[in-house]
Number of protein chains: 2
Amino acid sequence: MKIAIDAMGGDYAPVELIKGCIKAAKTAEAELVLIGQEEAIKTELKKYEYDRSKIKILNANGVITMDDSFSAVRTKKDSSMVVGLNLVKDGKVDAFISAGNSGALVAGATTIVGRLKGVSRPALTPLIPTKKGYSLLIDAGANVDAKPEFLHHFAKIGSVYMQACLGIQNPKVGLINIGTEVEKGNKLTKETYPLLQEDSDINFIGNIEAREIPEGEADVLVCDAFVGNVILKFMEGFGNWVFSMVKFEFTRNIATKVAALLMKKGVGNIKKKFYYNDQGGAPLLGIKGIVIKIHGNSKDTEMASAILQAEGFVRNKLIEKISEKFVNLK
Amino acid sequence: MKIAIDAMGGDYAPVELIKGCIKAAKTAEAELVLIGQEEAIKTELKKYEYDRSKIKILNANGVITMDDSFSAVRTKKDSSMVVGLNLVKDGKVDAFISAGNSGALVAGATTIVGRLKGVSRPALTPLIPTKKGYSLLIDAGANVDAKPEFLHHFAKIGSVYMQACLGIQNPKVGLINIGTEVEKGNKLTKETYPLLQEDSDINFIGNIEAREIPEGEADVLVCDAFVGNVILKFMEGFGNWVFSMVKFEFTRNIATKVAALLMKKGVGNIKKKFYYNDQGGAPLLGIKGIVIKIHGNSKDTEMASAILQAEGFVRNKLIEKISEKFVNLK
């Protein structure tokens, strides 16, 4: 098994990403191919002792930055991202992981790796924490002006993912909406509802209001990328704010500082629920290969867990299982 | 000044709503008109000592329930909600407040009270808490399939509101989007951006990612009602979850219970920020009168603060000021 890594993407490239690869290489079965500026990668690798058969370098001089437009994948052919996506396309690696420019990665993966037969659009699919564990948010970044058919396909893809990779039997699918009643919603959700209801292949439980998302009643949360992105980012911003307020209140005076000591473990438990970095990244699902987007601010732990996540996808034959659901679809 | 109250709408009608009216009547200048089933209202009022010149009853036998469709405003002419909206329309009261069915209230206010000349659509506009105070979320419940022109009008309306009622000079307007760059977004936000940019009447600061909302950089957050509703409800659900986890961690053992005592005030400070009930409700802005929606689970405090809020709107000539911005609009 071979997994390619975009060593140049994200806020902490290449330092933290390589540190994560070193960490993962200790337990991962796959050979890791670090793509990027060879000298920079070598400099980092020199800092570590590691099994040289497990980590290779593939030179790529170009870098797609966060400021680049998504169309950079057409112009920067020698970038680490485009080189990595081509490896997936050519079957030379089993997966590709990048912390780089999301728009470029989605556009590149869709055009270079290509969609699976029958899938209308691929979706970017992070797991988000809930009371019961994690729910899959699909789509959180690929299709901002979605059609009902796209959302229907996301429901199918998300169901396969949660069953194949998280072991959830008959995963519950909810449609994110502004009311629970059938007739509620905008044009998109109203037209999507019957498609989900009529598909015997998925376990559709109806509309889910945003208020209910943290309850974790739905394993798969279907929405367009605008709504998904707003939820994902609002959760991040709001969570950060809450923790900053907690910190402020805990450091007010001696009494609250004592309380902070007594609650150290408790606060840690809550933080762990939100700042989870053991669930890997967000795969772009619906394409003919495994491409995983990790957060731009990912450090070693996120990178390492994405590598193990990618291995899981390969072992669980995720792409084949998604493909099966669409190959005979009318 | 006269303010009409829907005594029959919401989860705690009429008990808590009337309690709120009694509370408000002590300081409010306005005469309150409680609309609903006379006997039920009388029974509640008997529990209190109050200035009888400040609280009147207007009998209305019908009730629009939470299960009714928005079209109930057409069929239930004798409902407390429809009676109240007609009082606003006829200029017999200065404002109407309801904790009842949102869809019906928006539809009823739009059709019965009517839109202001030049306003394409009215919007439901709650204040949401931020690090710096409050931002206005416009639209959070009226127009799920919005057009760029609607959002442009929301930006104007929201700016007037924040200046006239919250005293914010030259309020900053942000467009909720999935990226900060100009070219980011879905069709709606891409087409809305230039309209906001070209309007010298508003202080447009560009796109705001959902992650940045809690920072409070924008005083007015413009979005369609689907997105606004998702943000509002997700904040509610996510906030509830965080506080339930905090409670759980504080009650784990004797040490954490001690910490809870030491942090009682601190947790209270944070809770107060989220469970604010002193900011009134969400007015439906863009219509020819003051109609305020309060949360279905509102109790006395929310009702009382909405009454004071309504008085502020009247005193600040909010409707007239909004109207001025549109009357000469092409």
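### Structural notes on the overall build of chain A
Scanning chain A from N- to C-terminus turns up 12 helices and 12 strands. For 330 residues, the compact-globule formula gives about 20 Å, and the C-alpha radius of gyration of chain A, at 20 Å, lands near that figure. By the burial criterion, 57% of the 330 residues in chain A qualify as buried. Looking at chain A alone, contacts between residues at least 24 apart form 72% of all its contacts between residues at least 6 apart. For chain A, the accessible surface area stands at approximately 13700 Å², while carbon and sulfur atoms represent 51% of it.

### Observations concerning the pattern of salt bridges
All names here are of chain A. Within this structure, the stated rule accounts for 36 salt bridges over all chains. With a shortest N-O distance of 3.9 Å, K19 and D300 are connected by a salt bridge. Residue K19 is found in helix 1 (residues 15-25), and its partner D300 is found in helix 11 (residues 300-315); the two are separated by 281 residues along the sequence. Judged by its relative accessible area of 34%, K19 falls in the partly exposed class. Three or more residues joined by partner-sharing salt bridges are found here, namely K156, D199, D201 and K325.

### What about the interface of chain A and chain B?
The partner chain B presents 50 residues to the 48 residues of chain A that form the contact. When the two sides are added together, the surface that chain A and chain B hide from each other amounts to roughly 4700 Å², 78% of it contributed by carbon and sulfur. It is A:F226, A:F234 and A:W241 in chain A that bury the most area against chain B; as a group they hold 16% of the surface buried on that side. Between chain A and chain B we count 10 residue pairs in polar contact (both at pLDDT 80 or more) in total. For the side of chain A that touches chain B, the secondary structure elements donating two or more residues are strand 6 (127-130), strand 8 (172-177), helix 7 (187-198), helix 8 (225-250), helix 9 (254-262) and helix 10 (264-274) of chain A. Here the side of chain A that touches chain B takes 18 residues from helix 8 of chain A, the largest share from any one element.

### Things to note about the sheet that holds strand 7 (residues 133-138) of chain B
All names here are of chain B. Spatially, 6-7-10-8-9 is the arrangement adopted by the five strands of the open sheet, whose pairing is mixed. In the strand order of this sheet, the two ends are held by strand 6 (127-130) and strand 9 (203-209), each with one partner. On average, each strand axis in the sheet is tilted by 30 degrees relative to the strand beside it, whichever way the strands run. Taken together, the four bridges between strand 6 and strand 7 define a ladder with antiparallel strand orientation. Looking at strand 7, one finds that L127 is bridged to L136. With respect to the sheet, helix 7 (residues 187-198) is in contact with strand 8 (172-177) and strand 9, its orientation differing from that of strand 8 by roughly 170 degrees.

### Considering the nonpolar core
The biggest cluster of nonpolar side chains holds 62 residues, and the ones touching the most others in it are A:I176, A:I213, B:I176 and B:I213. Counting residues per element, the ones that place at least two in this core are helix 8 and helix 10 of chain A together with helix 8 (225-250) and helix 10 (264-274) of chain B.

### Focus: the pairing of strand 12 (residues 290-293) of chain A
All names here are of chain A. Of the two faces of strand 12, both are covered, the one formed by I290 and I292 as well as the one formed by V291 and K293. The pairing of strand 4 (residues 95-98) with strand 12 spans four bridges and is parallel. From the neighbouring strand, I97 faces strand 12, where its bridge partner is I292. Pairing of strand 11 (residues 282-285) with strand 12 involves two bridges; the strand directions are antiparallel. Opposite A282, over in strand 12, you have K293 as the bridge partner. Where strand 11 folds back on strand 12, the antiparallel hairpin that results is connected by four residues, among which G286 adopts a positive phi of roughly 115 degrees.

### Things to note about the packing of aromatic side chains
All names here are of chain A. Counted under the stated rule, the structure contains 19 aromatic pairs over all chains. A ring pair is formed by F243 and F274, whose centres lie 5.9 Å apart and whose planes are at 65 degrees; its orientation type is edge-to-face. You can see F243 sitting in helix 8 and its partner F274 sitting in helix 10, a full 31 residues away along the chain. In this structure F274 comes out as buried when scored by relative accessible area, which is 12%.

### Some points on the relation of the copies chain A and chain B
Mapping chain A onto chain B calls for a screw motion: a turn of 180 degrees about the axis and a shift of 0.0 Å along it, with 0.0 Å RMSD after fitting. Such a combination of turn and shift is consistent with a two-fold rotation axis. Closest approach to the rotation axis within chain A is made by the C-alpha atom of A:A259, at a distance of 2.1 Å. Here 100% of the contact residues of chain A are again contact residues in chain B; the copies associate through an equivalent surface.

### Concerning the confidence of the model for chain A
Mean pLDDT over chain A: 96, with 100% of residues reaching 70 or higher. Scored by ipTM, the complex comes to 0.95, with pTM at 0.95.

### With respect to unusual backbone geometry
Cis geometry is found at the peptide bond from A:A13 to A:P14, where omega equals -5 degrees. Relative to the helices and strands, A:P14 resides in the loop between strand 1 (2-6) and helix 1. Cis geometry marks the peptide bond from B:I138 to B:D139, where omega comes out at 25 degrees. Mapped onto the fold, B:D139 is located in the loop between strand 7 and helix 6 (148-166). A positive phi angle, near 50 degrees, is found at A:K317, a position not held by glycine. With respect to the element layout, A:K317 can be found in the loop between helix 11 and helix 12 (318-327). Among the residues examined, A:K317 registers a relative accessible area of 48% and is labelled partly exposed.

### Concerning the environment of A:V182
All names here are of chain A. Along the polypeptide, V182 turns up in the loop between strand 8 and helix 7. Sequence-wise, V182 and D139 are 43 residues apart; in three dimensions their C-alpha atoms are separated by 21 Å. The contact partners of V182, leaving out residues within four places of it in the chain, are Y193 and N207.

### Observations regarding helix 5 (residues 102-113) of chain A
Residue and element names in this part refer to chain A. An ideal rise of 1.5 Å per residue puts 16 Å on 12 residues; helix 5 measures up with 15 Å between its terminal C-alpha atoms. Of the positions making up helix 5, those classed as buried are A104, L105, V106, A107, G108, A109, I112 and V113. Lining the buried residues of helix 5 we find helix 3 (72-75), helix 4 (80-89), strand 4, strand 5 (123-124), strand 11 and strand 12. Its side-chain oxygen 3.1 Å from the backbone nitrogen of G103, N101 forms the N-cap of helix 5.

### Quick look at the packing of helix 8 of chain A against helix 8 of chain B
Relative orientation of the contacting elements helix 8 of chain A and helix 8 of chain B amounts to 40 degrees, with a least axis distance of 10 Å. By the criterion of interaxial angle, the relationship of helix 8 of chain A to helix 8 of chain B is oblique. Crossing hand, helix 8 of chain A versus helix 8 of chain B: right-handed. Contact residues: helix 8 of chain A offers A:F226, A:V227, A:V230, A:I231, A:F234, A:M235, A:F238, A:G239, A:V242 and A:F250, while helix 8 of chain B offers B:F226, B:V227, B:V230, B:I231, B:F234, B:M235, B:F238, B:G239, B:V242 and B:F250. Residue classes in the contact of helix 8 of chain A with helix 8 of chain B are distributed as 18 nonpolar, two polar and no charged.

### Observations concerning the side chain of A:T130
Assignment of secondary structure puts A:T130 in strand 6. Residue class for A:T130 comes out buried when judged on its relative accessible area of 1%. The contact partners of A:T130, leaving out residues within four places of it in the chain, are A:S135, A:I213, A:P214, A:E215, A:G216, A:K273 and B:W241.

Definitions and limits used
Residues numbered from 1 in each chain as written. Chains lettered and ligands numbered in written order. Predicted model: local features only at pLDDT ≥ 70, side-chain atom pairs only at ≥ 80, totals over all residues. Heavy atoms only, no water. Helix = DSSP H or I, 4+ residues; strand = E, 2+ residues; numbered from the N terminus. Rg over C-alpha atoms; globule rule 2.2 N^0.38 Å. Buried < 20%, exposed > 50% of the residue type's maximum accessible area, 1.4 Å probe, protein only. Contact = heavy atoms within 4.5 Å. Areas by Shrake-Rupley, 256 points an atom, 1.4 Å probe, with all protein chains shown as cover. Salt bridge = Lys/Arg side-chain N within 4 Å of Asp/Glu carboxyl O. Buried area = accessible area lost by both parts, 1.4 Å probe. Polar contact = N/O pair within 3.5 Å; in protein donor to acceptor, adjacent residues only side chain to side chain. Pairing = 2+ DSSP bridges. Axes fitted to C-alpha atoms, helices over the stretch in contact; angles between N-to-C directions. Core = buried A, V, L, I, M, F, W, Y, C linked by side-chain atoms within 4.5 Å. Phe/Tyr/Trp six-rings, centres within 6.5 Å; stacked < 30°, edge-to-face > 60°. Least-squares fit on C-alpha atoms with pLDDT ≥ 70 in both. pLDDT = per-residue confidence, 0-100. Expected span 1.5 Å × (residues − 1). Parallel < 35°, antiparallel > 145°, perpendicular 65-115°, else oblique. Left-handed = near helix turned anticlockwise from the far one by under 90°. Nonpolar A, V, L, I, M, F, W, Y, C, P; charged D, E, K, R; others polar.

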